[in-house]
Every structure is written in C-alpha cells, then in structure tokens.
Amino acid sequence: MPAPLLRTQTQRTRWVQAPVLLHAGNLAEYGLPPYQLSNARGLEAVIRGVRRHPERTRTLHVPSWADERWLSVRERAEALQLRMPEAVVSHSSAAELRGWVLPRRFTAEPLLHVTSPVSHVRREGCIGHRPKETETCTEWGVSLVEAPEALRQMCALLTDEELLTLLEGLCGPWHGAAVSTAAELEAAAAEWSRFPGCRRLSRALRRARDGVASPQETRLRLEIVAAGLPEPEVNAEVRANGMAYHADLSYRRAQIALEYEGDHHRTDPQQWEHDIRREADFRAAGWEYLRVTRRTHRSALFADLRSMLHRRSPMSHFTSKNRGKSDVK
C-alpha cells in the first residue's frame, strides 16, 4: 500500500485539555479507593468501568479540525481500550478519526465500531466485529485498523457516490494536504484480494479525480454530469489579470468557471473580498463565472450552464455522444 494513505489526513494540529480517565488500573496512582468508580460517587462515566476525573486533566495533541464529536469518539475508544486492550477501532469510527469524508448517518450515530480478534465485543454503545486477521496502528493515543483495512471495510457500507466522495477527500486538500492520488489507490487496490465492496471500489476509483477541495464540489460535479452536461475539469489553473487561480470546476475551452462557496465565503470578510477580486479578474479575462452555494437552484444553474456551453463552444463539442464526458484536454 502506498505510504501516503497510511497517514491520518492533517496538516496542522493543536493541543487540548481533556479529563484524566479513571479505571481500576490507575485509581491507586491518584490515591483513590475502588468505590470512586461506583455510581454513588457521581463521577461522569465514559463507558462502564471508566470515569472522568473531576479535576485532573491532561494535554492531548489532536488534529486542528477535530471537533467535539471527534474528541468524544477518541475518548470512548481510549476508555474501551483501557478495559479491553484487544479492541481496535474499525469501520466508520476508524475512518472518522482519520478525518475521512463520511455521510451524516455515520458521523451522527452514537455507536463506536471496534474489531477484536480475541472475543466479540458486547458492550453498550459499541458495535463489535470479528476479523479474520488485520494489521493495526496507533493514532492519537488509540489503536485503529490500518488505513487500507479501514477503506476496505467502508467499501461494503457506502453507496457508489458516497465512496467516490470519500476517495476524493483522500486525494484532495480536505482536512489538510492530499494523502494519496487516485492512481496510487487504484494500483494498491489491484493488489488486494477480493473483499466485500471491491467492485464498488473499482468503479469509484475510475471516476475519482485528484485535487477536489470539498465534498460539496464532488457532489456538484456529479450533479452536472447527471444533468447530461460534460464533466468539468477539477482544480484547473487559470491565469487572469496576471494572477494564477485554480477554478473549482471549469470548462477551459469554453472559458466557464464554477466556484462552490460554503458559508465561510460569506462570513469571512477577507474571503469575501478575495472572492470579489477573483470574479472580477475572471470576467476581465473573458470568462463566465458562476458562483454556487447549497441554496443555488440546480435546475436553473444547469439550464444557464447548458446555454453557455452552446454559446461559447463549438457545436461539435456539445453533442449527445459527448454528454457526461470530461472537458479536460
């Protein structure tokens, strides 16, 4: 497996303060009697048999993008492994801790997915899996299945579009620098034995593009193709007014750019000013410039885009046999 996929996806990290976790093995270290772990003492439980110290904290090194949800998953994994060291974080929980793009049904669920080669994990708040054999590693103070295994596990749980979105998150600057390329992933997958979802992975890898900056951009590109339009190029360099830009999506021959803008484009004054200058430079260079948000009416957007392509491209470029094919040259 190419080494880049083995890294957790992050460029920047930060330090946070987290409660010390108390369990039967470290009570004496803090001068506490065994009954401190009973419900009667009122300490907040993480899982059965592991509670938070009411005062003592420790410093943890975490990804810069880690939110409260991420911290909770990591804490529950650490607490479980204090009680069951053989239980390894797997499936969607391992993917979430690595910062991979996941559908909301996984990031909203309260359950922790773990794999144990010793025994089937039967604990409240956990879903246990029994592997034949798997390699593990340590990230952020907890044991996880290695990244290739986590990817194989997710292939059986995701739809084609969801898996494509996850892969493009690995191959773009989502949560930091890209950790792989579509070509590297495809070469690695070709060496794997068959597994549930392997055909889905092959289909997704053929459609995956490098450099996609966000899951919303993946979905917008797929919506454009589904509407019968040619596939736009991803992250193409455009020189306008002496500046080098990279358009989210574009048709360079037709000089049409599409930019997906999340809420931070509206709330960050510096980003807002940059967006205004960027659009002005594109238009001064003769480009059509379409700014898209999650609220943009897609039918109207695709109608405008279809009209622009007819108007700005040779008619032979936009025939029915070319619909859905990339504009990349």
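None of the values given here were measured: they were computed from a predicted structure.

A look at the overall build of the chain
Each helix and strand counted, the chain has eleven helices and twelve strands in total. With 329 residues in all, the chain has 49% of them scored as buried. Counted over contacts in the chain with a minimum sequence separation of 6, partners at least 24 positions apart contribute 66%. Here the chain displays about 16600 Å² of accessible surface, and carbon together with sulfur accounts for 49% of that area.

Some points on the sheet that holds strand β12 (residues 288-292)
Paired through backbone hydrogen bonds, the strands of a sheet run either parallel or antiparallel to each other. As summarised here, the arrangement of the four strands in space is β9-β10-β11-β12, forming an open sheet in which the pairing is mixed. Of all strands in the sheet, those bounded by a partner on one side alone are β9 (233-240) and β12. For this sheet, the mean inter-axis angle between neighbouring strands, taken without regard to orientation, is 50°. Judged from the three bridges that link them, strand β10 (residues 243-251) and strand β11 (residues 256-260) form a sheet pairing that is antiparallel. Following the sheet pairing, Leu-249 is matched in β11 by Leu-258.

Some remarks on the pattern of salt bridges
The tally for this structure, following the rule as stated, stands at 22 salt bridges. Of the charged contacts in the structure, one is a salt bridge between Arg-200 and Asp-160, with a shortest N-O distance of 3.2 Å. Linking Arg-200 in helix α7 (residues 198-207) with Asp-160 in helix α5 (residues 160-170), this pair joins segments that are 40 residues apart in sequence. For Arg-200, a relative accessible area of 23% puts it in the partly exposed group. Residue classification places Asp-160 among the partly exposed positions, given a relative accessible area of 26%. A salt bridge links Arg-291 to Glu-279, with the shortest nitrogen-to-oxygen separation between them at 2.9 Å. Residue Arg-291 is found in strand β12, and its partner Glu-279 is found in helix α10 (residues 269-284); the two are separated by twelve residues along the sequence. Residue classification places Glu-279 among the buried positions, given a relative accessible area of 18%. Connected via shared salt-bridge partners are Glu-261, Glu-279, Arg-283, Glu-288, Arg-291, Arg-311 and Arg-312.

A word on helix α4 (residues 147-155)
Burial analysis of α4 places eight of its nine residues in the buried class, which makes it a mostly covered element. Of the residues making up α4, those classed as buried are Ala-147, Pro-148, Glu-149, Ala-150, Leu-151, Gln-153, Met-154 and Cys-155.

Quick look at the packing of helix α6 (residues 182-189) against α7
Close contact between α6 and α7 brings their axes to 9 Å; oriented N to C, the two are set at 155°. Judged on the interaxial angle alone, α7 and α6 are roughly antiparallel. Judged by the sense of rotation from one axis to the other, the crossing of α6 with α7 is left-handed. Along its contact with α6, which presents Ala-182, Leu-185, Glu-186 and Ala-189, the element α7 presents Leu-201, Leu-205 and Arg-206. Counted by class, the contact of α6 with α7 contains five nonpolar, no polar and two charged residues.

What about the environment of Ala-156?
Within the fold, Ala-156 resides in the loop between α4 and α5. Looking at Ala-156, the relative accessible area reads 41%, which means it is partly exposed. Separated by 42 residues in the primary sequence, Ala-156 and Cys-198 place their C-alpha atoms 8.0 Å from one another. Each residue touching Ala-156, except ones within four places of it in the same chain, is listed here: Pro-196, Gly-197 and Arg-200.

Overview of the sheet that holds strand β3 (residues 50-63)
Reading across from one edge, β1-β3-β2 is the order of the three strands in this open sheet, with antiparallel pairing throughout. The sheet terminates laterally at β1 (13-22) and β2 (45-47), the two strands that pair on one side only. Strand-to-strand twist of the sheet, defined as the mean angle between neighbouring strand axes without regard to direction, takes the value 45°. In this structure, β1 lies alongside β3, joined through nine bridges in antiparallel fashion. Bridge pairing in β3 places Ala-18 opposite Arg-58. Running at roughly 120° to β3, helix α1 (residues 68-83) makes contact with β1, β2 and β3 of the sheet.

Quick notes on unusual backbone geometry
We note that His-91 has phi near 50°; this positive angle belongs to a residue other than glycine. Summarising the element assignment, His-91 is placed in helix α2 (residues 91-97).

Analysis parameters
- Residues numbered from 1 in each chain as written.
- Predicted model: local features only at pLDDT ≥ 70, side-chain atom pairs only at ≥ 80, totals over all residues.
- Heavy atoms only, no water.
- Helix = DSSP H or I, 4+ residues; strand = E, 2+ residues; numbered from the N terminus.
- Buried < 20%, exposed > 50% of the residue type's maximum accessible area, 1.4 Å probe, protein only.
- Contact = heavy atoms within 4.5 Å.
- Areas by Shrake-Rupley, 256 points an atom, 1.4 Å probe, with all protein chains shown as cover.
- Pairing = 2+ DSSP bridges.
- Axes fitted to C-alpha atoms, helices over the stretch in contact; angles between N-to-C directions.
- Salt bridge = Lys/Arg side-chain N within 4 Å of Asp/Glu carboxyl O.
- Parallel < 35°, antiparallel > 145°, perpendicular 65-115°, else oblique.
- Left-handed = near helix turned anticlockwise from the far one by under 90°.
- Nonpolar A, V, L, I, M, F, W, Y, C, P; charged D, E, K, R; others polar.

This is a description of form; function is not addressed.
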